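Survey of secondary and tertiary structure
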Amino acid sequence: MARDRFNHQSLGVSLNSSVKQARVLMVGAGGIGCELLKNLVLSGFGEIHVVDLDTIDLSNLNRQFLFRQEHIKKSKALVAKEAAQKFNPNAQIVAHHANIKDSEFTVSWFRGFKIVFNALDNLEARRHVNKMCLAAGVPLIESGTTGFNGQVQVIKKGLTACYDCSPKETPKTFPVCTIRSTPSQPIHCIVWGKSYLLNEIFGASEDESAFDHSADADNAEEIAELKKESEQLKKIREAVGTDAFPQMLFDKVFDADVERLRSVEDMWKLRRRPEPLKYEKLLSQASDALSAKDDVLKDDQKVWSLEESLVVFRDSLDRLSKRMLQLKKAKEPAAADPIITFDKDDEDTLDFVASSANIRSTIFGIDRKSRFDIKQMAGNIIPAIATTNAIVAGLCVLESFKVLKGDYGHSKEVFLTPFAAARLLAPDKSRNPNPSCPVCGVFNTGITVDFKRATLNDVVEDIVKDRLGFGEREFVVSNEVGILYDADETENLPKKLSELGVNGSSFLTIMDDDDDEPFVNVVIDIQEEYVLINGPSVTMVELTEPRASDYDEKPVKSLLTDRPDIPRKAKQLPPAEANGTAQNGKHALDDVAEVEQKSLKRAHPGDDNQPSKKAKTGDSSADDVVLVEDAGGAIVIDD
């Protein structure tokens, strides 16, 4: 009996044949990725490429079932390939231990796939893959989970909304003076340890994205004092690795700085005054904790006492100091100074942040948290649910069948909403593209470039004005860095594209400045010119030596054969509805649940206590959460 007999019967001859011949890409081999790769292999997909930069961590094993204890620290992509291959030895799986944003993964490379599946866990990478698939004209199946909730979305240029067609929730920020001077919640102390103290001692500088500076003008005096503190920390940083270093840092941030804050009388009229700590006194009380250090470090769930927090603080500083000294010793003379940044899976930085946050919490009368809880909050982690990943991965494959048939009219955006009153899956037809979307509301095209000769003027004259038909219109040419050309900025025209940072994986954006019915933005993907050696049967290689005919040809060539009909910009429309993303403080998954509840009673009496899509930090106040980037849009099967 043929291996795919049941697939043949279930899908039909035509669709089953398409599945077997399909060359697909899966980006991400984590929670969704493990389930999805297994599904793709068992469904008979012929060639599957997997891209993932991460290595396997112990915390992955509870839900990423392709991995085992012996795989820890190994590449997710490579191990996933080996494990999934056993489900179907006939499947061709190609693993890439790499960042999908690397220059090797060009638009041309994306164009070689029938479908791209996103199984990612961060906003930036999702947006990149969305942009690349739109430029390549390849359908993308986007997916994501948030605790018990999940979503799937088919994205096809010109037919459906893309990932950026609706606004995304912005990360939570905190007033800098709250973090530095008047913390009132555990998360305030955690952000202080992660984004301020760790960076000031072992990193580059404070993580500005974590702080809200909008009220700085109203607190100018306090801001000045905080800057002085930062200068003092730089001096302490020079003592890294010495015996005196732990006490110097402790005395500075947990004693002297706290004493200064206590002296600002107006600050404590309505707040509890912080209590500074003395290093020698606390250390003398920590003899039991010192003897039990190994047990303290092993227990993620225990809330450390103040003395235990001091022990972990000292131990983590010792580990980090040794790492920093080794990095400095290995540094090349011309290289930048080494830094250590926070990683939720890095025990050294996590222990430092957890112990620092707990000591600071004690000073300000705030509840301490376990290292497990602090890891969730500092790493913006929402507990992952294996069943949610499995359901979402199954939906991805079901939607891929519609894509292979070209049946986009029946593709769905599906929301997995287990705490809605009526049903588990809430499907909706795919949204139309947002004409004002800056990512999919553009005209995509491509050019090949001989970087040894091509200048910006070649692109402006031969491509934009001539081939694209901009003529005498005023327009702007920009790349990822900034503006390269406009009517008043012409000094870059004679420069080679390579001098302007443009390479074979770059994009150029053309913005029409015409006031009367301007063109939509044109996005040009740049492809390096290649030449065939010994006929078409040989792989294309980079053109490294000039050909005799080189100087008879233009250094930039359009991939278009005729002048295109570039659409005009649409009139300004109301903002597109958020689908799978936060808008006006709410999430579309919540909206689905509310619609269900209008006419139906709650199915389960305990649904009022459904898991939040935010990582709780203590009480239920809004300030007690760290927002996590949700996966955007979604897709669904027919009811």
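The preceding data block contains the structure.
The text that follows walks through the structure, step by step, so that each part is easy to find. As the structure is a computational prediction, the values presented were derived from the model and not from experiment.

**A word on the packing of aromatic side chains**
Taken as a whole and judged by the stated rule, the model has 18 aromatic pairs. When the centroid spacing of 4.6 Å and the interplanar angle of 50° are considered together, the rings of Phe105 and Trp109 count as tilted. With respect to class, Phe105 is no different from Trp109; both count as buried. Pairing Phe470 with Phe475 gives two aromatic rings, centres 5.5 Å apart and planes at 70°, and the pair type is edge-to-face. Phe475 carries the same exposure label as Phe470, and that label is buried. Among the aromatic residues, those joined into a cluster by ring pairs are Trp192, Tyr196, Phe202, Phe245, Phe250, Phe254, Tyr279, Phe313 and Phe352. Above the plane of the ring of Trp192 lies Arg360, whose end atom (NZ or CZ) is 4.3 Å from the centre.

**What about a negative patch on the surface?**
Residues Glu474, Asp488, Glu489, Glu491, Asp513, Asp515, Asp516 and Glu517 make up a contiguous surface patch of negative charge. Note on placement: Glu474 falls in the loop between α18 (456–467) and β12 (475–478). Glu474 gets classed as partly exposed once you look at its relative accessible area, which sits at 49%.

**A look at the nonpolar core**
One finds Leu197, Phe202, Phe245, Leu249, Phe250 and Phe313 to be the most contacted residues of the largest nonpolar core, which totals 51 residues. With 10 residues, the top contributor of residues to this core is helix α8 (residues 186–202). When near neighbours in sequence (up to four residues on either side) are disregarded, Leu249 contacts Leu197, Ile201, Leu233, Ile236, Phe313, Leu317 and Phe352. The next biggest cluster of nonpolar side chains, apart from the first, holds 43 residues, and it includes Val24, Ala119, Val397 and Val414.

**Remarks on the pattern of salt bridges**
This structure, assessed with the given rule, holds 33 salt bridges. Here Lys375 makes a salt bridge to Asp345, at a shortest N to O gap of 3.3 Å. Of this pair, Lys375 sits in helix α16 (residues 371–378) while Asp345 sits in the loop between α14 (306–330) and α15 (347–363), and the two are 30 residues apart along the sequence. Given a relative accessible area of 26%, Asp345 falls into the partly exposed group.

**Focus: the sheet that holds strand β18 (residues 556–558)**
Reading across the sheet, the 6 strands line up as β13-β12-β14-β15-β11-β18 and stay open at both edges, with mixed pairing between neighbours. With one partner strand each, in any of the chains shown, β13 (483–485) and β18 form the two edges of the open sheet. Strand after strand, the sheet turns through a mean of 35° between neighbouring axes, direction not considered. Pairing of strand β11 (residues 443–449) with strand β15 (residues 522–528) involves 7 bridges; the strand directions are parallel.

How each quantity is defined
Residues numbered from 1 in each chain as written. Predicted model: local features only at pLDDT ≥ 70, side-chain atom pairs only at ≥ 80, totals over all residues. Heavy atoms only, no water. Phe/Tyr/Trp six-rings, centres within 6.5 Å; stacked < 30°, edge-to-face > 60°. Buried < 20%, exposed > 50% of the residue type's maximum accessible area, 1.4 Å probe, protein only. Lys NZ or Arg CZ within 6 Å of the ring centre and 35° of its normal. Patch = residues over 30% accessible without salt bridge, like charges linked within 9 Å, V, L, I, M, F, W, Y side chains within 5 Å. Areas by Shrake-Rupley, 256 points an atom, 1.4 Å probe, with all protein chains shown as cover. Salt bridge = Lys/Arg side-chain N within 4 Å of Asp/Glu carboxyl O. Lys, Arg positive; Asp, Glu negative; His and termini not counted. Charge placed at Lys NZ, Arg CZ, Asp CG, Glu CD. Helix = DSSP H or I, 4+ residues; strand = E, 2+ residues; numbered from the N terminus. Core = buried A, V, L, I, M, F, W, Y, C linked by side-chain atoms within 4.5 Å. Contact = heavy atoms within 4.5 Å. Pairing = 2+ DSSP bridges. Axes fitted to C-alpha atoms, helices over the stretch in contact; angles between N-to-C directions.

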